Amino acid sequence: MGGVAKAEVFWRSALQGIRHQPFPHVVAVLTLGIALFTLGLGRAGSLAVEHLLRSLGTEVQVTVWLRPGAPQADVDVLSAALRGRGFGVQLVTPRAAVERLTRELGPAADALRGLASEPLPPSLELQVPPAWRDPAALRQLADELQRQAPVTAVDWGEAAVERLGALARALRWGGLFAFAILLCATVVVVSATLQLAIYARREEVEIQKLVGATDRFVRAPFLIEGLLQGMAGAALALVGLAAVLHWVAPPLETLFAFLRVPSPAAALWGLRSTLELLGVGALLGLLGSFLAVSRALRA
Amino acid sequence: MIQMFHVTKSYPGDPPVLTDVNLTVDKGEFVFLTGPSGAGKTTLLRLVFCDEKPTRGQILVGGRNVARIRAASVPYLRRNIGVVFQDFKLLPHRTVLDNVAFTLDVLGTPRSESRERVLRMLKLVGLQHKAESLPLKLSGGEQQRVVIARALVNDPTILLADEPTGNLDPGLTVEILDLLCEVNVRGTTVVVATHDATLLERYQKRVIRLERGRVVSDTAQSEAVRRTG
Ligand SMILES: Nc1ncnc2c1ncn2[C@@H]1O[C@H](COP(=O)(O)OP(=O)(O)OP(=O)(O)O)[C@@H](O)[C@H]1O
Ligand SMILES: [Mg+2]
């Protein structure tokens, strides 16, 4: 039976605490709000970057150089096998290759005139399906193709793909590291402000302990305060993100339209991200208050 | 109800505050604890409600050895001990009613029941008409009676009072002491620390006298000695 009555006491105590001592709570909510806002922006940014990298990865083209005069049958078998694995395959004959080169060189193409009739070997140009767009898979594919009879060499932009992969990894780890620091700093600030709140109510805590309150009982209102701070901070961050979405995102989108990045709206908004942000806020608030209360009760 | 066996309390670097204290307070007794300033009266009371642990010796409170009690059990022990200390003040932002109800909140007593019990308690200390006032609007004697109500509202078996009349004028002092006697008549064991000799004279209760941390006299024992001749 005591549960309901106690819960009532906790909430009353927490709300009174906030009312009588609003300043530290405001500081904590602002800190949480800024941190969560940054978190939300950072997540939208990282989603955009990942998408960008992935779409750059689509441009990756594999060129399989063939032995001039390789039997058509062998080439057909190879093409069929690659199509079967989901690659787009296009045969570029020596003539087509020269025509393309001529087109690309423009006026300078005159230089090609004196060359042999078929200066370029035939090749297969592959469109890489998503499942194969990572350096390890591509290298394996290249090695495998190299061993086939009609193939002389495989070109897959190794350096570019690896650099993109490394960039993506660095961004991901850097982002995680920055988030971790941001979250720690937030917890520290929240915990410090709650210690102020506890200090302001030390007489109350002392009397509670005097009349037989357990540590858990003393802790509960402060944990509720931390929780409320976290939620309020998250709400603040959501307001900020909504503002960004409304005023900042559209011009950016037009500016970077050529990158074909998806609208950040998807990353910023939606029930799921809202709940996630609230959850992270609540967790940070709880953690901060838990640390503060543990320290205060030990003293 | 309270038993101390060879209790010594010392703080590092200082001579002992209490030295080899032995005493027994029975259920339902009313005891004055007296002695000059610094004799160790407050320290002795703190040991009883586990605010401090003895350096040596055993302390039984209601049959439990509080010298070895786990920290997690202390709250449950305290629910049986009402404490009136000068430094445990009322909360200024809360009404008299809420201040007294504090003790019941901790137990999870529902508001409606708690309100009823608090009002009954306030009636006992003669303050039922001040239930909704803030403590700072009350006189010193009234505030002290609220503190006593807070200590007693959950019917503890023991009441410890440290200088409960410390800064009150003589009329109010008598009023508070009469109240404590009434509480004692209703069955609560009461221990009052005071260096006010006139109170000892006036109330003719058992007096335990401390000097420099030792029990130097105990009227109960001297009476027993007198009786057994
Ligand atoms: N936490 C502490 N650390 C060190 N010494 C302490 C501590 N608490 C009390 N003392 C010392 O113990 C002695 C007894 O203190 P105590 O408060 O028990 O005396 P008292 O009899 O209540 O005195 P008074 O009548 O002035 O209230 C004092 O000399 C005091 O300085
Ligand atoms: Mg004292």
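Residues numbered from 1 in each chain as written. Chains lettered and ligands numbered in written order. Predicted model: local features only at pLDDT ≥ 70, side-chain atom pairs only at ≥ 80, totals over all residues. Heavy atoms only, no water.

Participant: Hey, could you go over the pattern of salt bridges for me, with residue numbers and the actual values?
Facilitator: One side chain can pair with another of opposite charge once the charged atoms of both are near each other. All names here are of chain B. Scanning all chains against the criterion turns up 18 salt bridges over all chains. With a closest N to O distance of 2.8 Å, Asp51 and Arg46 form a salt bridge. What makes Asp51 partly exposed here is its relative accessible area of 32%. One salt bridge in this structure joins Glu113 and Arg117, with 3.6 Å as the shortest N-O distance. One end of the pair, Glu113, and the other, Arg117, are both in helix α4 (residues 111-124), 4 residues apart, so they sit about a helical turn from each other. (Salt bridge = Lys/Arg side-chain N within 4 Å of Asp/Glu carboxyl O. Buried < 20%, exposed > 50% of the residue type's maximum accessible area, 1.4 Å probe, protein only. Helix = DSSP H or I, 4+ residues; strand = E, 2+ residues; numbered from the N terminus.)

Participant: Describe in detail the interface of chain B and chain A, supporting the description with residues and values.
Facilitator: Many structure descriptions define interface size as the accessible area lost when the parts assemble. Between chain B and chain A, the contact holds 23 residues from the first and 22 residues from the second. Regarding the contact of chain B and chain A, the summed buried area is about 2000 Å², with carbon and sulfur atoms giving 63% of it. Our count for the contact surface shared by chain B and chain A stands at 1 salt bridge. Taking the shortest distance from any N to any O, the salt bridge between Glu204 of chain A and Arg94 of chain B comes out at 3.0 Å. There are 4 residue pairs in polar contact (both at pLDDT 80 or more) connecting chain B and chain A. Top element by residues in the side of chain B that touches chain A is helix α3 (residues 96-107) of chain B. It accounts for 5 residues. Its residues placed into classes, the side of chain B that touches chain A shows 11 nonpolar, 4 polar and 8 charged. (Contact = heavy atoms within 4.5 Å. Buried area = accessible area lost by both parts, 1.4 Å probe. Polar contact = N/O pair within 3.5 Å; in protein donor to acceptor, adjacent residues only side chain to side chain. Nonpolar A, V, L, I, M, F, W, Y, C, P; charged D, E, K, R; others polar.)

Participant: So what's going on with the site of ligand 1? Which residues, and what values?
Facilitator: Residues and elements named next belong to chain B. Every one of the 13 residues lining ligand 1 counts as a neighbour, but Ser37, Gly38, Lys41, Thr42 and Thr43 are closest to it. At 2.9 Å, a backbone N or O of Gly40 approaches an oxygen atom of ligand 1. One of the side-chain N or O atoms of Thr43 is found 2.5 Å from an oxygen atom in ligand 1. Protein chains bury 59% of the 630 Å² of accessible surface belonging to ligand 1 in isolation. For the shell around ligand 1, the per-class residue count stands at 4 nonpolar, 6 polar and 3 charged. (Near = heavy atom within 4 Å. Areas by Shrake-Rupley, 256 points an atom, 1.4 Å probe, with all protein chains shown as cover.)

Participant: An account of the pairing of strand β1 (residues 2-9) of chain B is needed here, citing residue identities and associated values.
Facilitator: Look at any regular strand and the pattern is simple: side chains alternate between the two faces of the sheet. Residues and elements named next belong to chain B. Both β1 and strand β2 (residues 18-25) contribute to a ladder of 5 bridges, which runs antiparallel. When the bridges of β2 are listed, Lys9 appears paired with Leu18. By the bridge criterion, 5 bridges tie β1 to strand β4 (residues 56-61) in an arrangement that is antiparallel. If you follow Phe5 over to β4, its bridge partner there is Gln58. (Pairing = 2+ DSSP bridges.)

Participant: With reference to specific residues and values, describe the sheet that holds strand β5 (residues 64-65) of chain B.
Facilitator: Residues and elements named next belong to chain B. Here we have 4 strands laid out as an open sheet, ordered β2-β1-β4-β5, and antiparallel in their pairing. The sheet is open, and its two edges are formed by β2 and β5, each paired on a single side. Running over the sheet, helix α1 (residues 41-48) touches β1, β2 and β4 and is turned about 120° from β1. (Axes fitted to C-alpha atoms, helices over the stretch in contact; angles between N-to-C directions.)

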